[in-house]
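Here are the chains, one letter per residue:
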Amino acid sequence: MFFIALTVTFALYRMLPFGPVEMVKVRLMKQLLEQGQSPSAEQMRRINAMVETYTGIDPSVPWYVSYYEYLRDIILYQDFGHSIFKNKPVFDILYTAMPWSVFISVYGLALGTTVSLLFGAVMAYNEGGKFDAVMTFISIGNSTVPYYVVAILTLIVFSFNLGWFPSGGRMDPSTTPGLNLPFIVGIVKHAALPVFSAFIASFGGALAFRGNCIREMGEGYIRVARLRGISQGRIAIRYVGRNALLPVYTNIMMGIASVFGSSIILETIFNYPAMGMVTFNALMNRDYPLIMGSFIFFTIVTLTGILVADLTYGVIDPRVKGGNERETY
Amino acid sequence: MRPTEEGESSRTEEGETTAADATEAATRPPTRTDGGTSSSSGGAGGVDETIFTQTSNVPDPTVREKVERGFRRRVYAPSAILLNDWRGLLGALILVGFVLLGTVGVYVVPEPIVMEGPIFVPPFTDWTYPLGTGVMGQDILKQVVHATPAMLQMITAGALLSVVLGTGIGTVAGYRGGRADSVLMTLTDTVLTIPGLVLIIVLATIYQPENPFVVGLILGIDNWPRLARTVRSQVLSIREEAFTEASRIMGLSDVHILRRDVISNLMPYISVNFANSARRIIFESVALYFLGILPQSQLNWGVMMDDAYTGANLTNPNQIHWLLVPMALIILISLGFILLAQGLDRIFNVRLRARHEGAADGGESS
């Protein structure tokens with residue numbers, strides 16, 4: 001799967017008309033023509049060389065050779081190429097930025113999922129009650145408001161106006177990195193707003209879980225369990241919760257991809273220098289090797305997330321042994 | 001009870017159409033011989049052969065009747081249900097409002113010009129500038145109106161692409177099965193695992209699309225795989241239903257079965273997904289315009305937000321309305337889509353529909 005994704009990326013990047021290679025090439029050719037020179041063979045070679053330094057791709061080599069070389073470099077030497085703009089190996093840039101991104105996204109995702117599942121369950125138990133009505137309203141509201149609007153608004157209120165949280169960066173510059181309290185407080189403060197927004201982005205599924213819970217609660221075996229005198233908590237968690245979770249779980253898995261993708265938007269808004277920011281800056285500077293590298297990194301992280309979710313699927317649903325024969329889409 | 005009566009009557013309507021289909025099929029000789037109606041049916045004998053050749057006694061509906069009935073079932077009853085439900089009504093009203101804004105409004109409201117009014121007029125104070133003005137003295141209302149057509153085009157293109165691709169691939173994969181299924185599903189899974197938003201952002205930066213239709217299409221790329229998967233699993237179950245099998249035994253063509261039996265049963269998913277992917281496209285496009293990833297040549301709510309975010313002093317409550325107005329619009333239009341999706345869900349819930357259809361008819365006759 002990874003190789004297919006990689007190949008698709010590579011193809012998109014290389015083969016489509018007016019891709020990076022052609023863009024740079026056309027720009028250079030135009031410059032030459034404006035200077036009144038017609039492109040000779042000698043100059044074509046110089047253009048090709050310039051294109052290579054700009055994009056990291058040598059246009060004179062056929063695509064399958066460069067594809068092979070690219071793959072070989074990644075797998076054998078962990079070499080993703082060299083960033084043009086920052087003049088550093090792509091791998092190093094991404095490697096230092098990666099943990100911060102994962103930190104924010106995973107916290108946001110975990111918080112969002114847990115809270116929405118809890119709320120869904122409580123709503124189902126109080127079906128028709130006041131809590132249910134209020135929470136239904138809130139959930140619909142949440143799906144109406146885009147998470148980045150929440151991000152911007154929280155930034156304006158808590159950071160620009162109230163000054164409770166910093167508006168950018170990922171740590172307090174006056175503290176020394178390490179296991180000391182001010183440093184940790186600084187990190188938490190800087191991460192608070194991004195995590196909150198990621199939480200909003202992944203908060204959803206409460207309504208779906210509520211519906212599933214209500215349906216499960218009407219089943220016969222729940223009544224049997226009650227008659228057998230099994231405790232209320234055990235019924236709630238083992239019987240209702242687990243069975244209602246199954247259909248929602250696939251949705252959560254698919255949400256992983258979107259959460260990591262949304263980190264570009266979030267990190268740019270919060271000026272949080274991690275993967276998303278790096279990618280964004282690379283895009284703005286047309287730093288193609290870095291774009292390609294960060295795209296691959298995003299794909300790897302997403303695939304890892306899905307793989308983990310896939311493997312744990314068997315824990316939740318004992319009927320599924322392994323991830324292959326799952327059919328509950 | 002009145003509702004059940006009406007339910008019965010609607011079922012007889014169904015019966016008529018299937019009878020018409022059956023006669024159509026019966027005129028083809030090979031299917032009848034394949035049906036195996038002849039000699040081996042036992043020693044009881046005396047089977048009235050005319051049963052099988054007899055075309056129905058049901059009078060053919062005239063064109064006028066057909067049109068009337070079609071109108072009542074396809075247009076009148078659904079809209080009656082939609083308008084009975086407050087969520088559907090509100091959603092439809094909001095969306096119609098936006099469409100009017102994007103089509104008629106553009107001609108009524110003149111284009112915004114720089115410095116047509118004082119700087120930073122707060123909203124709802126001066127009625128020459130109902131929504132206030134920004135830092136360049138531009139009327140925000142005019143900007144909003146002139147940004148609407150681009151938004152609508154983008155939504156239409158993206159949502160159509162994702163719905164058509166998702167439904168098409170899901171239906172073919174589910175119905176054909178076998179190799180087509182595995183190839184298409186591998187494709188779908190691949191696109192599903194590629195982080196969609198990142199891909200879109202990369203594509204948008206490299207190709208810099210200006211046309212709102214193209215932007216919509218690019219944003220639609222991320223949306224279809226989920227729909228394809230849901231549609232496929234639905235088709236898998238519809239394929240095994242009795243009515244599909246009946247159509248197959250009657251020798252109807254694949255296209256006919258797909259269109260009449262499969263797609264018509266999928267309509268609820270398709271329409272609800274149309275609304276959902278429209279909402280997602282609004283979110284993503286506005287985000288990309290806001291970050292300046294897409295070219296800012298055209299007026300757009302995201303571009304407005306970006307201008308406001310960089311141009312206004314965000315700690316000053318007198319200037320912040322510039323940012324809040326486009327946000328409010330985004331929230332409003334996505335609210336419209338969500339409510340409409342919920343209302344549509346109600347239409348396609350068959351049991352509910354039968355009841356409401358009865359109510360709609362009853363209201364008409366009395």
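Just so it is clear, the model here is predicted, and its values are computed rather than measured.

### Description of the overall build of chain A
Counting its secondary structure elements, chain A contains 13 helices and zero strands. Helices and strands appear in chain A in the N-to-C order α-α-α-α-α-α-α-α-α-α-α-α-α. Taken over 329 residues, chain A has a buried fraction of 45%. If you take every contact in chain A between residues at least 6 apart in sequence, the share linking residues at least 24 apart comes to 70%. Counting every atom, chain A has about 16,700 Å² of accessible surface; 65% of that belongs to carbon and sulfur.

### As for the overall build of chain B
Tallying secondary structure elements over chain B gives 15 helices and zero strands in all. Here chain B holds 366 residues, and the buried ones make up 45% of them. Residue pairs in contact within chain B that sit at least 24 positions apart in sequence constitute 72% of those at least 6 positions apart.

### Section: helix α10 (residues 224–239) of chain B
All names here are of chain B. Taking 1.5 Å per residue as the helical rise, α10 with its 16 residues ought to reach 22 Å, and the 22 Å between its terminal C-alpha atoms agrees with that figure. Here α10 has its buried residues at Trp 224, Pro 225, Leu 227, Ala 228, Arg 229, Val 231, Arg 232, Val 235 and Ile 238. Lining the buried residues of α10 we find α6 (140–176), α7 (178–193), α9 (212–220), α11 (242–249) and α12 (254–291).

### Section: the nonpolar core
As a rule of thumb, soluble globular proteins bury nonpolar side chains together. Grouped together as the largest cluster of nonpolar side chains are 123 residues, with contacts concentrated most on Tyr148(A), Ile152(A), Ile269(A), Trp301(B) and Met305(B). Considering each element in turn, this core owes the most residues, 16 residues, to helix α11 (residues 232–270) of chain A. By size, the runner-up hydrophobic cluster in this structure holds eleven residues, among which are Val163(B), Val231(B), Ile238(B) and Leu266(B).

### Considerations on the environment of Ser277(B)
Residues and elements named next belong to chain B. Tracing the sequence through the fold places Ser 277 in helix α12. Using a relative accessible area of 7% as the deciding quantity, one classes Ser 277 as buried. Along the chain, Ser 277 and Leu 266 lie eleven residues apart, while their C-alpha atoms are 16 Å from each other. The residues contacting Ser 277, other than those within four sequence positions of it, are Ala 159, Ser 162, Val 163 and Asn 223.

### A look at the environment of Ala225(A)
Residue and element names in this part refer to chain A. Among the secondary structure elements, Ala 225 is positioned in helix α10 (residues 220–227). Between the alpha carbons of Ala 225 and Ser 197 there is a distance of 40 Å; along the sequence they are 28 residues apart. When neighbours within four sequence positions are excluded, Ala 225 is seen to be in contact with Ile 230, Ile 235 and Tyr 239.

### What about the side chain of Arg279(B)?
Note on placement: Arg279(B) falls in helix α12. Of the side chains bearing the opposite charge, Glu284(B) lies closest to the buried Arg279(B), which forms no salt bridge; the N-O distance is 10 Å. Setting aside its immediate chain neighbours within four residues, Arg279(B) contacts Ser143(A), Ser334(B) and Ile338(B).

### Details of unusual backbone geometry
The phi torsion at Asn271(A) lies on the positive side, around 55°, for a residue other than glycine. For Asn271(A), the position within the fold is in the loop between α11 and α12 (275–284).

### Brief notes about the confidence of the model for chain B
Residues and elements named next belong to chain B. Averaged over chain B, the pLDDT score is 71; the fraction of residues at 70 or greater is 66%. Per-residue pLDDT stays below 50 along residues 1–43; that stretch engages in 25 contacts with residues further than four places along the chain or on separate chains. Note on residues 359–366: pLDDT is under 50 here. Beyond four places in sequence and across chains, it has seven contacts. Among the scores for the predicted complex, ipTM is 0.71 and pTM is 0.71.

### Focus: a nonpolar patch on the surface
All names here are of chain B. Among the surface-exposed residues, Val 96, Leu 100, Val 104 and Val 108 lie close enough to one another that they form a single nonpolar patch of about 360 Å² accessible area. Here Val 104 shows up in helix α5 (residues 86–108). Accessibility expressed as a relative area gives 43% for Val 104, which makes it partly exposed.

### A short note on the packing of helix α7 (residues 147–161) of chain A against helix α8 (residues 181–202) of chain A
Residue and element names in this part refer to chain A. Running from N to C, α7 and α8 point in directions that differ by 150°, and their axes come no closer than 9 Å. Between α7 and α8, the angle is such that the two are roughly antiparallel. Between α7 and α8 lies a crossing of right-handed hand. Where α7 abuts α8, its residues Tyr 147, Val 150, Ala 151, Thr 154, Leu 155, Phe 158 and Ser 159 lie against Leu 193, Phe 196, Ser 197, Ile 200 and Ala 201.

### Considering empty space enclosed by the protein
All names here are of chain A. For the structure shown, the criterion picks out three cavities of 30 Å³ or more. Empty space within the second largest cavity amounts to approximately 60 Å³. Ile 104, Ser 105, Ala 198, Ala 201, Val 259, Ser 262, Ser 263, Leu 266 and Glu 267 together form the lining of the second largest cavity. Elements represented by at least two residues in the lining of the second largest cavity include exactly α5 (90–125), α8 and α11. For the lining of the second largest cavity, the element with the most residues is α11, which contributes five residues. Class assignment for the residues of the lining of the second largest cavity results in five nonpolar, three polar and one charged.

Quick notes on the rules
Residues numbered from 1 in each chain as written. Chains lettered and ligands numbered in written order. Predicted model: local features only at pLDDT ≥ 70, side-chain atom pairs only at ≥ 80, totals over all residues. Heavy atoms only, no water. Helix = DSSP H or I, 4+ residues; strand = E, 2+ residues; numbered from the N terminus. Buried < 20%, exposed > 50% of the residue type's maximum accessible area, 1.4 Å probe, protein only. Contact = heavy atoms within 4.5 Å. Areas by Shrake-Rupley, 256 points an atom, 1.4 Å probe, with all protein chains shown as cover. Expected span 1.5 Å × (residues − 1). Core = buried A, V, L, I, M, F, W, Y, C linked by side-chain atoms within 4.5 Å. Lys, Arg positive; Asp, Glu negative; His and termini not counted. Salt bridge = Lys/Arg side-chain N within 4 Å of Asp/Glu carboxyl O. pLDDT = per-residue confidence, 0-100. Patch = residues over 30% accessible without salt bridge, like charges linked within 9 Å, V, L, I, M, F, W, Y side chains within 5 Å. Axes fitted to C-alpha atoms, helices over the stretch in contact; angles between N-to-C directions. Parallel < 35°, antiparallel > 145°, perpendicular 65-115°, else oblique. Left-handed = near helix turned anticlockwise from the far one by under 90°. 1 Å grid on protein atoms, 1.4 Å probe; cavity = no way out; pocket = protein on both sides within 12 Å on 5 of 7 lines; lining within 4 Å. Points joined across faces, edges and corners; volume = space filled by probe spheres on them. Nonpolar A, V, L, I, M, F, W, Y, C, P; charged D, E, K, R; others polar.

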